[in-house]
Amino acid sequence: MTETSRRSAPRGGGRVRMTGKERREQLIDIGRTLFAERGYDATSVEEIAHKAGVSKPVVYEHFGGKEGLYAVVVDRETSALLDGVTGALTGGHPRELLEQAAFALLDYIDQNTDGFRILVRDSPVAQSTGTFASLISDIASQVEDVLGLEFKSRGYDPKLAPMYAQMLVGMVALTGQWWLDVRRPKKADVAAHLVNLAWNGLSGIEPKPRLVGRRSS
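By the naming in an unreviewed UniProt entry, the protein chain goes by TetR family transcriptional regulator and is assigned to Embleya scabrispora.

Now for the side chain of Q100. Structurally, Q100 is set in helix α6 (residues 94-111). According to the relative accessible area criterion, Q100 is buried, its value standing at 13%. Those residues in contact with Q100 that lie beyond four places of it in its chain are A88, L89, T90 and G91.

Our next topic: the pattern of salt bridges. According to the stated counting rule, one finds nine salt bridges in the structure shown. R215 is the salt-bridge partner of D107, the closest N and O atoms lying 2.7 Å from each other. Placement of D107 in helix α6 and of R215 in the segment after α10 (187-200) is noted, with a sequence separation of 108 residues between them. Members of the salt-bridge network, linked through shared partners, are D107, D110, R183, K187 and R215.

What follows deals with the packing of aromatic side chains. Within the structure shown, the criterion is met by six aromatic pairs. A ring pair is formed by Y40 and Y70, whose centres lie 5.0 Å apart and whose planes are at 75°; its orientation type is edge-to-face. Taken together, the positions of Y40 in the loop between α2 (20-38) and α3 (45-52) and Y70 in helix α5 (residues 66-88) put the pair 30 residues apart, joining distant regions of the chain. Across this residue pair, the class does not change: Y40 and Y70 are buried. Summarising the aromatic geometry, the rings of Y108 and F116 are spaced 6.3 Å apart at their centres and angled 70° between planes, so their arrangement reads as edge-to-face. The residues Y108 and F116 share a single accessibility class, namely buried. Within the aromatic cluster, the residues linked to one another by ring pairs are F35, Y40 and Y70. A cation over a ring is seen here: K66 above Y40, with NZ or CZ 4.3 Å from the ring centre. Stacked on the ring of F103, the Lys or Arg R215 has its end atom at 4.2 Å from the ring centre.

With that out of the way, let us pick up the side chain of R32. Along the chain, R32 turns up in helix α2. In this structure the side chain of R32 is engaged in a polar contact, spanning 2.6 Å, whose partner is the side chain of E77. Excluding anything up to four places from it in sequence, R32 contacts V73, E77, N112, D114, G115 and I118.

For α2, with 19 residues, the first-to-last C-alpha span of 27 Å sits near the 27 Å given by 1.5 Å per residue. Buried within α2 are the following residues: R23, Q26, L27, I28, D29, I30, G31, R32, L34, F35 and A36. Among the residues trailing α2, G39 stands out with phi positive, at a value near 90°.

End to end, α6 covers 26 Å across 18 residues, agreeing with the expected 26 Å (1.5 Å per residue, within 8%). With respect to burial, α6 is a largely interior element, 15 of its 18 residues being buried.

Ranked by size, the top nonpolar core spans 57 residues in total, and within it L27, F35, I48 and L81 carry the most contacts. Broken down by element, the residue count for this core peaks at nine residues, all from α5. If near-sequence neighbours (up to four positions away) are discounted, L27 is found in contact with I48, A52, V54, V58, V59, H62, F63 and L69.

Our focus in this paragraph is the packing of α6 against α10. Following both chains from N to C, one finds α6 and α10 inclined at 140°, their axes separated by 9 Å at the closest point. Taken together, the axes of α6 and α10 are oblique relative to one another. By crossing handedness, the relation of α6 to α10 is classed as right-handed. Within the contact between the two elements, α6 uses P94, R95, L98, E99, A102, F103, L106, D107 and D110 and α10 uses K187, A188, V190, A191, L194, V195, A198, W199 and N200.

Each value, and the rule that gives it
- Residues numbered from 1 in each chain as written.
- Predicted model: local features only at pLDDT ≥ 70, side-chain atom pairs only at ≥ 80, totals over all residues.
- Heavy atoms only, no water.
- Helix = DSSP H or I, 4+ residues; strand = E, 2+ residues; numbered from the N terminus.
- Buried < 20%, exposed > 50% of the residue type's maximum accessible area, 1.4 Å probe, protein only.
- Contact = heavy atoms within 4.5 Å.
- Salt bridge = Lys/Arg side-chain N within 4 Å of Asp/Glu carboxyl O.
- Phe/Tyr/Trp six-rings, centres within 6.5 Å; stacked < 30°, edge-to-face > 60°.
- Lys NZ or Arg CZ within 6 Å of the ring centre and 35° of its normal.
- Polar contact = N/O pair within 3.5 Å; in protein donor to acceptor, adjacent residues only side chain to side chain.
- Expected span 1.5 Å × (residues − 1).
- Core = buried A, V, L, I, M, F, W, Y, C linked by side-chain atoms within 4.5 Å.
- Axes fitted to C-alpha atoms, helices over the stretch in contact; angles between N-to-C directions.
- Parallel < 35°, antiparallel > 145°, perpendicular 65-115°, else oblique.
- Left-handed = near helix turned anticlockwise from the far one by under 90°.

Pasting the structure below:
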């Protein structure tokens, strides 16, 4: 239970007095949990309000309704994942950069399971951003430049880099969706095998892939 959740629990049947900022964070926390467990459609404003120990108008006051709350949750999760991927690409050999990107996504899934469950659902909110497909495209753009430089140095057409970036990130993302539930093998092994396939291709796949970077778990 988070600090916000602990403070949200009513005592003696009364409402806990919070600042507006604290109440907003509490509602976001509760909404995030319910959206992850049940999805957007199965989550109601009534349930969110009940969990928070407030009336429905309080939810509408802060977010305008369930759609507004959902949009805030998705925006936060999207930013967290993009920041994690961007921050992980610290340089080094291109293969190590690929390892860093794979670990960044798997770390997010491991540490923000509820958030990832929300992101991989089809967004019911009418918007051009915030869907899992658009998120994957954003992440791919982060590695596109790296691939372009590598292609150019090897005499390949750098104009193909965006397509290959989509392929690589899509492969990691879909594997992450699968690993979300099974959690086997361990994270470092998943990253090693992902990079093995992406770097070597099926024709040059290593029987026992290993990570070349400093991180091994």
